[in-house]
Amino acid sequence: MLTRHDGFVSPPHDEDPQVTKDSKAEQHQDDDIHLRSCQAIIDYHIHATDGDIGHIEGLLIDEDTWAIRYMIVNTSNWWLGHQVLIPPHWIQDISWADAKASVNLTRHEVKDAPPYNDSMQVDRKAEMVIYNHYERPGYWLDDDKSDTAKPQP
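Computed from a prediction, not measured in an experiment: that's the story for all the values here.

1. Details of the overall build of the protein chain
Right, on to step 1. From N to C terminus, the protein chain includes four helices and six strands.
Right, on to step 2. Counting the 153 residues in the protein chain, one finds 29% classified as buried.
Right, on to step 3. Restricting to contacts in the protein chain with at least 6 residues of sequence separation, those with at least 24 account for 44%.
Right, on to step 4. Of the roughly 11000 Å² of accessible surface on the protein chain, 51% is carried by carbon and sulfur atoms.

And the structure:
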């Protein structure tokens, strides 16, 4: 995610706003309407199977693959400022209109999840603790299967 906006400049003041709007619309005519910015989901509420659990405070992105590995969920609305990591592929439904994502987890599972803080290193060992807590197979197991399925030279 960008922290600075170098290279982004405002259009000149003498430019016709309608021409700018039309050219932007033309430029994005083939964009995927389902694609959203990572920033767009920050502060979305997270809903468990049995009630609200908090909101998305940030995302952790794999530097090698650019995959979003975890949502940083702040449970302060419900459980005293506890932060946890929840993989985005556990999202069952997103309501763009309500700014809400639903996950197939219970409030109890989230409450007892390993806490997250931004000074911790999220390595494979930490990921195994998270996935073991939720009793789910790790995403890396799928990667291992696909590696072994490839023909060897």
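2. Quick look at the sheet that holds strand E1 (residues 45-48)
Right, on to step 1. Reading across from one edge, E4-E3-E2-E1-E6-E5 is the order of the six strands in this open sheet, with mixed pairing throughout. If you trace the sheet from one side to the other, it starts and ends with strand E4 (83-86) and strand E5 (91-95), each paired once. Here the strands of the sheet are splayed against their neighbours by 35° on average, with no regard to which way each runs.
Right, on to step 2. Taken together, the three bridges between E1 and strand E6 (residues 100-103) define a ladder with parallel strand orientation. Directly across from Ile46, in E6, lies its bridge partner Ala101.

3. Structural notes on the environment of Arg136
Right, on to step 1. Within the secondary structure layout, Arg136 lies in the loop between helix H3 (124-133) and helix H4 (139-149).
Right, on to step 2. Beyond its immediate chain neighbours, meaning those up to four positions away, Arg136 contacts Trp90, Asn104, Leu105 and Tyr131.

4. A look at the layout of surface pockets
Right, on to step 1. Roughly 480 Å³ of volume is contained in the largest pocket.
Right, on to step 2. If you trace the largest pocket, you find 17 residues lining it, with Leu60, Ile61, Asp62, Glu63 and Val122 closest to the centre.
Right, on to step 3. Among the secondary structure elements, those contributing two or more residues to the lining of the largest pocket are strand E2 (51-61), strand E3 (68-74) and H3.
Right, on to step 4. Along the lines of polarity and charge, the residues of the lining of the largest pocket split into eight nonpolar, two polar and seven charged.

5. Let's talk about the side chain of Ser95
Right, on to step 1. By secondary structure assignment, the location of Ser95 is in strand E5.
Right, on to step 2. Side chain to side chain, Ser95 and Asp98 meet in a polar contact 3.1 Å long.
Right, on to step 3. Excluding residues within four positions of it along the chain, Ser95 makes contact with Tyr44 and Lys100.

6. Comments concerning the pairing of E5
Right, on to step 1. Taken together, the four bridges between E5 and E6 define a ladder with antiparallel strand orientation. Pairing of Ile94 across the sheet is with Ala101, part of E6.
Right, on to step 2. The loop that links E5 with its antiparallel partner E6 comprises four residues; one of these, Ala99, has a positive phi angle of about 50°.

7. Things to note about the pattern of salt bridges
Right, on to step 1. Using the criterion set out here, one finds two salt bridges in the structure.
Right, on to step 2. Here Arg124 and Glu127 are joined by a salt bridge, their closest N and O atoms 3.1 Å apart. Residue Arg124 and its partner Glu127 are located together in helix H3, separated by three residues, close to a single helical turn.
Right, on to step 3. For Glu127, a relative accessible area of 6% translates into the label buried.

8. Structural notes on the nonpolar core
Right, on to step 1. In terms of nonpolar packing, the biggest core is built from 27 residues, with Ile46, Ile56, Ile86 and Tyr134 touching the most fellow members.
Right, on to step 2. For this core, the elements supplying multiple residues, two or more each, are E1, E2, E3, E4, E6, H3 and H4.
Right, on to step 3. For this core, the leading source of residues is E3, giving four residues.
Right, on to step 4. Dropping the residues within four chain positions of it, Ile46 is found in contact with Asp52, Ile53, Gly54, His55, Ile56, Met71, Val73, Ala101 and Val103.

What counts and what doesn't
- Residues numbered from 1 in each chain as written.
- Predicted model: local features only at pLDDT ≥ 70, side-chain atom pairs only at ≥ 80, totals over all residues.
- Heavy atoms only, no water.
- Helix = DSSP H or I, 4+ residues; strand = E, 2+ residues; numbered from the N terminus.
- Buried < 20%, exposed > 50% of the residue type's maximum accessible area, 1.4 Å probe, protein only.
- Contact = heavy atoms within 4.5 Å.
- Areas by Shrake-Rupley, 256 points an atom, 1.4 Å probe, with all protein chains shown as cover.
- Pairing = 2+ DSSP bridges.
- Axes fitted to C-alpha atoms, helices over the stretch in contact; angles between N-to-C directions.
- 1 Å grid on protein atoms, 1.4 Å probe; cavity = no way out; pocket = protein on both sides within 12 Å on 5 of 7 lines; lining within 4 Å.
- Points joined across faces, edges and corners; volume = space filled by probe spheres on them.
- Nonpolar A, V, L, I, M, F, W, Y, C, P; charged D, E, K, R; others polar.
- Polar contact = N/O pair within 3.5 Å; in protein donor to acceptor, adjacent residues only side chain to side chain.
- Salt bridge = Lys/Arg side-chain N within 4 Å of Asp/Glu carboxyl O.
- Core = buried A, V, L, I, M, F, W, Y, C linked by side-chain atoms within 4.5 Å.

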